[in-house]
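# Summary of the model geometry
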Amino acid sequence: MPGTDASSDDPPLDLHVGDEHLVIRQRYEVASIVNDIAIGLWFVIGSILFFSSSTETAGTWLFLLGSLQMLVRPAIRLGRRVHLQRITPSRPTDAGYDF
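Each chain has its residues counted from 1, following the order in which its sequence is written. Given that the model is predicted, a residue must reach a pLDDT of at least 70 before its local features are reported, and side-chain atom pairs must reach 80 or more before they are shown or counted; all residues, however, enter totals for whole chains, interfaces and linings. Values reported for side chains reflect all heavy atoms of the structure, with hydrogen atoms and water molecules removed beforehand.

## Focus: the packing of aromatic side chains
Which entries qualify depends on this criterion: Only Phe, Tyr and Trp rings are paired, with Trp represented by its six-membered ring, and only when their centres lie within 6.5 Å; those with planes under 30 degrees apart are stacked, over 60 edge-to-face, the remainder tilted. Put simply, DSSP H or I for four residues or longer makes a helix, DSSP E for two residues or longer makes a strand, and each gets a number counted from the N terminus. Only protein chains enter the accessibility calculation, which uses a 1.4 Å probe; a residue whose area is less than 20% of its type maximum is buried, one above 50% is exposed, and one in between is partly exposed.
Counted under the stated rule, the structure contains 2 aromatic pairs. Seen in terms of ring centroids, Phe43 and Phe63 are 5.2 Å apart; in terms of plane orientation they differ by 65°. Their pairing is edge-to-face. A residue pair is termed long-range when its members are at least 10 positions apart, and Phe43 in helix H1 (residues 2–49) and Phe63 in helix H2 (residues 56–69) qualify at 20 residues. Owing to a relative accessible area of 23%, Phe43 belongs among the partly exposed residues under this scheme. Relative to Phe63, the ring of Phe50 has its centre 5.3 Å away and its plane inclined at 65°; by these criteria the two rings are edge-to-face. Note that Phe50 is positioned in the loop between H1 and H2 and Phe63 in helix H2, a separation of 13 residues in sequence. Overall, the relative accessible area of 35% leaves Phe50 in the partly exposed class.

What follows is the structure in structure tokens.
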């Protein structure tokens, strides 16, 4: 009866992993959205600061900050993939999601 025990254990395990997968996906998606909003804010504020010559330097720094923060998004995606791979190594990691 080991096969029966294994098949009865699989659904709860799949369900539990599925719940974790959903929570992980949502956390990384939220991190990606917050990152994208911050990038947009840096570029909008930086653009406004370019209207005055006295604030151009601050605007330049905000553009640089926004540009550097654009590197965070691939780091979030990579972290998500590694995290999901550790939990479910035999399952696909939904590479189609862009977060």
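## A closer look at the confidence of the model for the chain
Filter applied, for reference: For every residue, the predictor states its confidence as a pLDDT score lying anywhere from 0 to 100. It only takes one pair of heavy atoms within 4.5 Å for two residues to be counted as in contact.
Residues at a pLDDT of 70 or more form 66% of the chain, whose mean pLDDT is 76. For the chain, per-element mean pLDDT is lowest for H1, which scores 69, and highest for H2, which scores 95. Of the regions scoring below 50 in pLDDT, residues 1–16 engages in 1 contact with residues more than four places distant in sequence or in other chains.

## Digging into helix H3 (residues 72–87)
Which entries qualify depends on this criterion: One fewer than the residue count of a helix, multiplied by 1.5 Å, yields its expected span. The arc in question is traced by the directions running from the helix axis to the C-beta atoms.
Relative to the 22 Å expected for 16 residues at 1.5 Å per residue, H3 spans 23 Å between its end C-alpha atoms, a close match to the ideal helical length. Those residues of H3 that sit buried are Ile76, Arg80 and Leu84. Projected down its long axis, H3 shows its buried positions confined to an angular sector of 60°, all on one face. The exposed set on the far side of H3, more than 90 degrees from its buried face, consists of Leu78 and Arg86.

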